[in-house]
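Fold and contact review
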Amino acid sequence: MARREGSQGFLAIALALVAAATLAGLTPSATYGQDYPKKPITAIVAFSPGGGTDIAARVILKAAEKYIKGNFVVDNRPGAGGALGFTAIATAPKDGYTIGMINPPTVLLNPIQLGDKVKYKLDDFYPIANFVSDPGACVAPPDSTLKSMQDVVDAAKKNPDTLRFGYGGPGTSEALTLRKFEQTKGIKVRKVPFAATGPQLTALMGNQIDVMFTNASEMIPQYKNKGVRVLAVGAEKRIDMMPDVPTYKESGFDATQLAMRGLAAPTGVDPFILKILSDAMKRTFEDPEFRAKALDLSLPLDYLGPEDYMKVLKRMDAFYREEFAKDPW
Amino acid sequence: MDALGLLLHGFQSALTLNNLFFCFIGVTVGQFIGVLPGIGPVAGTAVLIPLTFGMNPTSAIIMLAGIFYAAMYGGTITSVLINTPGESASVITCIDGYQMARQGRAGAALGVAAIGSFIGGVVAIVCLTFIGPVIARYALRFGPPEFFAVMMFGLLLIVGLMGKSVVKGLIAVFLGLLLSLIGQDPATGAERFLFNQLNLLDGIDFLVLAMGMFGVSEILLNAEKSMDMAKPPKVKGLIPPRDEWGPAAKAIGRGTALGMALGLVPGSSASIASLLSYSLEKRVAKDPSRFGKGAIEGVAGPETANNAYAGAALIPLFTLGIPSSPTVAILLGAFVMHGLIPGPLLYQKNPDFIWAVVASMFIGNSMLLIMNLPMANWWAKVARVPYKLLAPLVLLICMVGVFSVKRNVWDVGLLIFFGVVGYFMKKLQIPAAALLLSFILGNNIEFTMIQTMALSRHGLWYLFMRPISGTLMALCLVILAFSIISAIKKKRDALAADAEV
Amino acid sequence: MKKLPAGFWGGLAVLTTGVVFFFYSRSYPYVSEYGPGPGMFPIWLSGFLILLSGFYIFASLKGNDSSDKMPDRKGLLNVLFLIMCMAMFVLLLPVLGFNLCASATLFVLLFRAYPWFVNLAISIGSSVSLYVIFSIALGVQLPVNALGF
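Every chain is numbered on its own, with residues counted from 1 as its sequence reads. Note on labels: chains are lettered from A, ligands numbered from 1, in written order. Only residues with pLDDT of 70 or above have their local features reported here, since the model is predicted, and side-chain atom pairs are shown and tallied only from 80 upward, although totals for entire chains, interfaces and linings are computed over all residues.

A separate point is the overall build of chain B. Counting from the N terminus, the helices are the DSSP runs of H or I reaching at least four residues and the strands are the DSSP runs of E reaching at least two. Counting its secondary structure elements, chain B contains 20 helices and two strands. Counting other C-beta atoms within 10 Å of a residue's own tells you its class, since 20 or more makes it buried, 12 or fewer makes it exposed, and anything in between is partly exposed; those C-beta atoms are placed from the backbone. Across the 501 residues of chain B, 64% fall into the buried class.

Encoded structure:
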């Protein structure tokens, strides 16, 4: 007897669940009566939630919703150093409802390094807008004797193969910068790989390593804290957030190191839709409220429209291919 | 410094209705995230950060911190009830916790875990407030050589935790280590053991392995006896019997100390904390053979340790602005987003904020305890859902959970594969826990070894040239020597005694 | 002739794994700029594994093994049934979308457990609830089929 009642109760609950869910599914979505976008636009992020790319994407896309008059939904597809996500963008349906974040130079390095194991190419993307450009930074502990990149070179020459240089591991833009640094200055240092900035910073502050290459935006809290000394940044010109820090070029090292993050769509999407997207992004970037928030978040904004972005991408791609051909990593 | 006064002021701020509300939401969401497989505290916290934009910084951090430690507790619930670790720190809890559940003592397991977690978390926070800054500076002396030494120590402990057969245990450990090497080698970028699958470039996800070898394989194992499993024994209630209070309390005490010590060291992890605690408990117990069969210290110790770890891990974040683990790194991102720069300056410029957050952690942990003690019984009743319904649901939830990690069906296929492998391992009595733990440690060990060798021209001898790592390595060698000697002795005794069954 | 014990087959599986890994390890460089190359660790690990599997096989053949017995026919069929259902889920997910696929899988799994209408309600109800929880509450998009659900 008790069993029959039990399963009847079960049945009731199940039916109620079905009813509720159906009602939820029938609720109309927020954007009706407009040509594009008619439903939420999916933005694929090739990295895990919480990382730099993810947070930048979420912040910017949320601000852009006002201008696109629609909703963005972030879809995280981490894996294979970004390759899985980038592939997903390149092979997405070309109806304009799936776009994604691309990260030069990583997005460029994957096909160069992994060859045909990677199923996308630069031509598979139509760049909509670049959001942020995060320059590299050469950083030393606050009480170090190293006060400039020249000091680093001198120290390395005095004691070859002793100076402990932290970087993000092989295949990163830091690795290329470090290699170039060693080659152009004729020095040899001990290169210590790190999997993430956190442990790298800890090692620096604990004097486990003497100096390191990393991303400027990740150093901003410590920079403000005077917890580290930023010797130089890898941008073309000095950056606003660290006005007293010279660039690599100013310090005698003729190179730039830039990690960019921007939005792209698969090639083949209706140009009309692409124009709507790029215009919306442009207006987002001019929005003063958004710019204030970005400043709070220390996001190094660097807006590039589709044509400029494409130019930069092609230039970077040519550069990296040349480097790889000379000396593959 | 009037720390106590500031703390009281902090309580005032934390006890406002607004902040209490956000604390409650954080703790509830955190538990939910912890129970659901797939979404870990990292992803869960990250997804919620944008929602905190409009909130004032104090409330935002209160909520996010609540998610952080509540998620740890949620992972315990699944470990105990369905032998599936929700995240890496809960693996150890599966060993004795699940056995306790099978004996009808799920309530006691969850209860002691709740109490231990509360005590561990609160004590860690107290120390955070008063002696944090001093200790944090010292912790910076730990570099890659020290991390390597700590992990080797952990590996030796895993070996020591194995059941009857040394050979099988070692096989599990080596398999775990090998599996962890699949993927791109972070030190040289070489791709290893990909078998032509780009999906393996990042290696095998811990969650896939854990849910396969523990969750799915358990269900497959039970399926042998047909899906109408005998009704699990009646849940005996929350409070463990009198004679277990003493050992549990001592385990909690030891776990707190251990967890806190490790939490201060950037680079260790909650799983090492719980692993060390379990080993410690097993070694100091009067009757170590109870472990693996439902010893309450095997739950109390590790659970306390990993919450104490979580609390203490916030110290390097607050005082130096250094995140000691990915989850904490998310919190750092949240801090920065709200314009708060963690570090020594934070204590000076925004003392109200710090003390309010600390006070809220007391409150959050209390909320966890209050919510969970009665709920433990509730959760335990989940085990009484008819198995023929529970098993398929758990199977589905495992598959969805794994899918949600990378949104890749391939991972689910891998889950099934490891489910079958785990099933056979259980039948052959090869310890899956050892495999999983050494998997967690595996490529970190290799990476830190390479880092150590990169740091100095002396290569691995560098380990012995530094005081901390030198001591740890010496300890490892001593333990290794002892184990080998005692193993040889046992063999010799066995041969001499001409064992009769 | 005595039937080979389960441990023997287990040991053989471990041995095979070890050999495969060992084979691949040899194709990676043994040393690198600072010390161990990608090949070193794996070669030693797989080497030890091969050794250990040898011990394991030896011990199980001597009869010292303590493994469980293989299940009887009915049990084995149950296990295979579960595995097939999971495989079905994986194969159908991209095609049917989560809601349909999960409902179908649950329905099959619960086939013998409840009368079909109760089964249907539970299957659909659970699947849709899971969909709601993951997609909406947690923001994790679960796959949808061509019809959009």
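Glancing now at the overall build of chain A. Tallying secondary structure elements over chain A gives 11 helices and 10 strands in all. Within chain A, buried positions represent 51% of all 329 residues. Long-range contacts, defined as pairs at least 24 residues apart, comprise 76% of the intrachain contacts of chain A with a sequence gap of at least 6. A residue pair is marked as a contact if its C-beta atoms, positioned from the backbone, fall within 7 Å.

Of all hydrophobic cores here, the largest spans 301 residues; its most connected members are B:Ile171, B:Met399, B:Leu415 and B:Leu436. Tallying contributions element by element places helix α4 (residues 57-82) of chain B first for this core, with 17 residues. Not counting chain neighbours up to four residues away, the residues in contact with B:Ile171 comprise B:Ile430, C:Val14, C:Leu49, C:Leu52, C:Ser53 and C:Tyr56. Note on terminology: a nonpolar core is any set of buried Ala, Val, Leu, Ile, Met, Phe, Trp, Tyr and Cys residues joined through C-beta atoms within 7 Å.

What follows covers the domain arrangement of chain A. All names here are of chain A. In terms of domains, chain A is made up of domain 1 (41-132 + 260-326) and domain 2 (135-233). Boundaries between domains were set according to an automatic or database domain assignment. Domain 1 and domain 2 are separated by 28 Å when their C-alpha centres are compared. Across the contact, six residues belong to domain 1 and six residues belong to domain 2. Lys, Arg, Asp and Glu make up the charged group, whereas Ala, Val, Leu, Ile, Met, Phe, Trp, Tyr, Cys and Pro make up the nonpolar group; the residues left over, Gly among them, are polar. Of the residues contributing to the side of domain 1 that touches domain 2, the split by class is three nonpolar, two polar and one charged.

Moving on: unusual backbone geometry. Following A:Pro104, the chain continues into A:Pro105 via a peptide bond in cis, with omega recorded as 0 degrees. Along the polypeptide, A:Pro105 turns up in the loop between β3 (98-102) and α4 (106-114). Although it is not a glycine, B:Phe193 adopts a positive phi angle of roughly 55 degrees. The residue B:Phe193 is located in the loop between β2 (191-192) and α9 (206-223) in this model. Even without being a glycine, B:Gln429 presents a positive backbone phi close to 60 degrees. Residue position: B:Gln429 is located in the loop between α17 (409-428) and α18 (432-455). Residue B:Gln429 is classed as partly exposed on the basis of its 18 C-beta neighbours within 10 Å.

Moving on, we get to helix α5 (residues 149-158) of chain A. Residues and elements named next belong to chain A. Buried within α5 are the following residues: Met149, Val152, Val153 and Ala156. Down the axis of α5, the buried set is contained in an arc of 100 degrees. They therefore lie on one face. Each element contacted by the buried residues of α5 is listed here: β4 (125-140), α6 (173-185), β7 (211-215) and β8 (229-233). The directions considered for the arc run from the helix axis to the C-beta atoms.

Attention now moves to the interface of chain C and chain B. Each side of the interface is counted separately: chain C has 52 residues, and chain B has 48 residues. For the side of chain C that touches chain B, the secondary-structure elements that each account for two or more residues are α1 (6-25), β2 (35-36), α2 (40-61), α3 (73-109) and α4 (116-137) of chain C. With 16 residues, the top contributor of residues to the side of chain C that touches chain B is α3(C).

The next subject is the pairing of β3(A). Residue and element names in this part refer to chain A. The buried count for β3 comes to four of five residues, which makes it a mostly enclosed element. A strand pair is defined by DSSP finding two or more bridges across the two strands. Alignment of strand β1 (residues 41-45) against β3, held across three bridges, turns out to be parallel. Bridging from a neighbouring strand, isoleucine 44 pairs with glycine 100 of β3. The pairing of β3 with strand β9 (residues 258-266) spans three bridges and is antiparallel. Its bridge partner lying in β9, glycine 100 is registered against alanine 264.

Here the focus is the confidence of the model for chain A. All names here are of chain A. Residue-level confidence of the predictor is what pLDDT reports, using numbers from 0 through 100. Confidence in the prediction of chain A, expressed as mean pLDDT, is 81, and 88% of residues score 70 or more. Per-residue pLDDT stays below 50 along residues 1-6; that stretch engages in zero contacts with residues further than four places along the chain or on separate chains. Contacts from residues 23-34, a stretch scored under 50 in pLDDT, to residues over four places away or in other chains number 12 contacts.

Next up on the list: the pairing of β7(A). Residues and elements named next belong to chain A. Among the five residues of β7, five are classified as buried, and the element is accordingly described as predominantly covered. Sheet analysis places β4 next to β7, joined by four bridges and oriented antiparallel. Paired with glycine 136 across the bridge in β7 is asparagine 215. For strand β5 (residues 164-167) and β7, the ladder comprises two bridges, and the chain directions are parallel. Bridging across to β7, phenylalanine 165 finds its partner in valine 211.

Next up on the list: the packing of α9(B) against α17(B). Residues and elements named next belong to chain B. A fitted line through C-alpha atoms serves as each axis, taken over the contacting stretch for helices, and the angle formed by two N-to-C directions is quoted from 0 to 180°. Across the interface, α9 lies against α17 with an axial gap of 7 Å and an inter-helix angle of 55 degrees. In this view, α9 runs oblique relative to α17, as classed from their interaxial angle. The element α9 and its partner α17 pack so that their crossing is right-handed. Facing α9, whose interface residues are Val208, Leu209, Met211, Gly212, Met213, Phe214, Val216, Ser217, Leu220 and Leu221, α17 presents Asp411, Leu414, Leu415, Phe418, Gly419, Val421, Gly422, Tyr423 and Lys426. Here the contact of α9 with α17 is built from residues that sort into 13 nonpolar, four polar and two charged. In this scheme, roughly parallel covers angles under 35 degrees and roughly antiparallel covers those over 145, while 65 to 115 is roughly perpendicular and the rest are oblique. In this scheme the crossing of two helices becomes right-handed for a clockwise turn of the near helix relative to the far one and left-handed for an anticlockwise turn of less than a right angle.

What follows is about helix α8 (residues 216-225) of chain A. Every α-helix carries 3.6 residues per turn, so stepping three or four residues along brings you back to the same face. Residue and element names in this part refer to chain A. Burial of α8 is extensive: eight of the 10 residues sit out of reach of the surface. Along α8, the residues that are buried comprise Ala216, Ser217, Glu218, Met219, Ile220, Pro221, Gln222 and Tyr223. Just downstream of α8, lysine 226 is the residue with a positive phi angle, here 60 degrees.

Moving on, we get to the environment of C:Lys74. All names here are of chain C. One can find lysine 74 in helix α3. What makes lysine 74 exposed here is the crowd of 10 C-beta atoms within 10 Å. In the structure, lysine 74 is positioned 48 residues away from arginine 26 in sequence and 44 Å away in space, judged by C-alpha atoms.

A few words on the packing of α17(B) against α1(C). Two measures define how a pair of helices packs: the angle their axes make with one another and the distance between the axes. Two elements in contact, α17(B) and α1(C), have axes whose closest approach is 10 Å; the angle formed by their N-to-C orientations is 135 degrees. Here α1(C) runs oblique to α17(B), going by the angle between their axes. In this structure, the crossing between α17(B) and α1(C) has a hand that is left-handed. Contact with α17(B), carried on its side by B:Phe424, B:Lys427 and B:Leu428, involves C:Ala6, C:Gly7 and C:Gly10 of α1(C) and no other residues of that element. Taken together, the residues of the contact of α17(B) with α1(C) break down into three nonpolar, two polar and one charged.

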